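# Fold and contact review
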Amino acid sequence: MLCLKTIYAIIKDMKLKLKIIFLTVIFLIISIGVFFVSNKKNARIKFENQLSIPAKIDTLNTKVTSTPSKLIPPIRVPILVYHSIRPSYVGEPNANKIYDVHPNNFEKQLKYLKAQGYTTISFEDLTNYFDGKSLPTKPVIISLDDGLETQFTNAVPILNKEGMTATFFIYTNAIGRPKFFTWEQVRELSKFNMEIGGHSKSHPYLWKITDTTKLKIEIVESKKIIEEQIGKTITAFAYPFGLHKPITISEIKEAGYTSARIGFERTTHTKDDLYTLHSFMVTNDMKRFYAVINNQK
Ligand SMILES: [Zn+2]
């Protein structure tokens, strides 16, 4: 207080010009002081931030180390989907013809895959990859849907000849009906290294079913029937028509499936895609087939 009083007395005695100069000097001294204090504070904040960045990275690294599967990189695996392996018949509607692949074309396609250095794997192999197991350099999945008899009579001999394996997605109500597999054929496929996958009980539009009891009949019951017949646990599922809803995925997971295939066209998969694995439906269009195999999508 005494100091302020002294300054006031000095100012009072000064002439106007001197007063202005004196006050300007005081103002400059205060400004320089404020500038230094604030600069020091900013430098401290910056320093603290520099310290906290490595701290954040460290937390992230700790998380990554605790879940090693997150480190598994995405992988390119073309997933091919077939239905009937037969020549189209005269008068067959075009809408049905797209589900036919001529046995000669099927053979050409398998030979092409081999020539390109591809090795067939199962859906279970792909799931295991995301748990840290290794895969061949160029993996491919061949899947055949609906348990159609022509797959057994025409596709299996060609697969065997080429030393390749495939996944057969069956819906249980169809097994034993004319033009479909018998249970004996399903057991034989399973015994000779082919993967059997679930494809529901009656091949409905699963995404339309919201009643969980009905969903369980389609998903859980059909899984049990297949497992009892082949004496093995099955882990791969294919949504009928490639369609699903979040509730369908929950039921699939709860039933114990570890992967599920949908439609759409992409060949690179991540661990997060395991219940929505993209695939390509194969037709007699060989140009398209070559494009799919060589496409880097
Ligand atoms: Zn189907």
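Structure first, text after, so check above.
Residues numbered from 1 in each chain as written. Predicted model: local features only at pLDDT ≥ 70, side-chain atom pairs only at ≥ 80, totals over all residues.

### Concerning unusual backbone geometry
- The backbone of Asp146 sits at a positive phi, close to 80 degrees, despite the residue not being glycine.
- Here Asp146 shows up in the loop between β6 (139-145) and α6 (149-162). (Helix = DSSP H or I, 4+ residues; strand = E, 2+ residues; numbered from the N terminus.)

### Thoughts on the packing of helix α4 (residues 103-115) against α6
- Viewed as axis vectors pointing N to C, α4 and α6 meet at an angle of 25 degrees, and their least axial separation amounts to 10 Å. The angle between α4 and α6 places the two elements in the roughly parallel class. In the packing of α4 onto α6, the handedness of the crossing is right-handed. Across the interface between the two elements, Pro103, Phe106, Glu107, Leu110, Lys111 and Lys114 of α4 pack against Asn154, Ala155, Ile158 and Glu162 of α6. (Axes fitted to C-alpha atoms, helices over the stretch in contact; angles between N-to-C directions. Parallel < 35°, antiparallel > 145°, perpendicular 65-115°, else oblique. Left-handed = near helix turned anticlockwise from the far one by under 90°. Contact = placed C-beta atoms within 7 Å.)

### Remarks on the packing of α4 against helix α10 (residues 286-294)
- At their nearest, the axes of α4 and α10 sit 11 Å apart, and the two run at 25 degrees to each other. One way to sum up the angle between α4 and α10 is to call them roughly parallel. Where α4 crosses over α10, the handedness of that crossing is right-handed. Contacts between α4 and α10 involve Asn105, Lys108, Gln109, Tyr112 and Leu113 on the former and, on the latter, Met286, Phe289 and Ile293.

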